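# Results of the structural survey
So you can see what is in the structure, the chains are spelled out below.
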Amino acid sequence: EGTGGCRLRILKLFRNRLGDGFCEQLARFVAEQQEAVDEMHLSHNAIQQRGMVALLVALATHRFGAYPRQSTAGPCPCWVRMEHNEVADMDSLLASLAEYPVGLRVCFAPRNKKGHSCTS
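Presented here is an overview of the structure given in this document.

Of all hydrophobic cores here, the largest spans 24 residues; its most connected members are Val30, Met40, Leu42 and Tyr67. Of all the elements in the fold, those that place two or more residues in this core are helix H1 (20-32), helix H2 (49-60) and helix H3 (90-98). The dominant element in this core, judged by the number of residues it contributes, is H2, at four residues. Non-local contacts of Tyr67, meaning those with residues more than four positions away in its chain, are made with Val30, Glu35, Ala36, Val37, Leu59, His62 and Cys78.

On to the pattern of salt bridges, then. Evaluation of the coordinates by the stated rule reveals seven salt bridges. Of the charged contacts in the structure, one is a salt bridge between Arg50 and Glu24, with a shortest N-O distance of 2.7 Å. In this pair, Arg50 is assigned in helix H2 and Glu24 in helix H1, connecting sequence segments 26 residues apart. For Asp38, the salt bridge identified is with Arg69, shortest N-O distance 2.8 Å. Separated by 31 residues along the polypeptide, Asp38 in the loop between H1 and strand S2 (39-41) and Arg69 in strand S3 (residues 69-71) bring together distant segments of the chain. Relative accessible area serves as the criterion here: at 26%, Arg69 is assigned to the partly exposed category. When salt bridges with common partners are traced through the structure, they connect Arg7, Arg9, Glu35, Asp38 and Arg69 into a single cluster.

Strand order in the open sheet made by the three strands is S1-S2-S5, with parallel pairing throughout. The open sheet has two free edges, formed respectively by strand S1 (10-12) and strand S5 (79-81), since each of these has just one partner strand. Each neighbouring strand pair of the sheet contributes to a mean axis angle of 5°, computed without reference to strand direction. In terms of strand pairing, S2 meets S5 through three bridges, oriented parallel. Residue pairing for S5: Glu39 is matched across the bridge by Trp79.

Take the packing of H2 against H3 next. At a minimum axis separation of 11 Å, H2 and H3 run at an interaxial angle of 30°. Accordingly, the angle class assigned to the pair H2 and H3 is roughly parallel. Seen from above, H2 lies across H3 with right-handed handedness. Counting all contacts with H2, which are made through Gln49, Met52, Val53, Leu56 and Val57, the residues of H3 involved are Met90, Leu93, Leu94 and Leu97.

The rules we used
Residues numbered from 1 in each chain as written. Predicted model: local features only at pLDDT ≥ 70, side-chain atom pairs only at ≥ 80, totals over all residues. Heavy atoms only, no water. Core = buried A, V, L, I, M, F, W, Y, C linked by side-chain atoms within 4.5 Å. Buried < 20%, exposed > 50% of the residue type's maximum accessible area, 1.4 Å probe, protein only. Helix = DSSP H or I, 4+ residues; strand = E, 2+ residues; numbered from the N terminus. Contact = heavy atoms within 4.5 Å. Salt bridge = Lys/Arg side-chain N within 4 Å of Asp/Glu carboxyl O. Pairing = 2+ DSSP bridges. Axes fitted to C-alpha atoms, helices over the stretch in contact; angles between N-to-C directions. Parallel < 35°, antiparallel > 145°, perpendicular 65-115°, else oblique. Left-handed = near helix turned anticlockwise from the far one by under 90°.

So, in structure tokens, the structure goes:
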């Protein structure tokens, strides 16, 4: 709550032509907020590698250790939707971010309610 007593829980900015500069600003905001953001909907924008890396690194290396958020049911990941952006070679990018020192953990969940879950 180091952001004036407010906490950002859900951010829905899909289909807004947002780019890397926006993601870098959002990453700085996320890094300063003591509590975890629950969901970020950033699909269908113009985000490229630089912006995606800035945001995902801010989540993975959060200085207050807010991610994953701890709930009564256990760890709860931040749900980030970033499909339909301009990120090239997503698999290699995510693999690089999974390595030390970032240590990003990623889960791809299907749209339907059957099958794999990121929280189980």
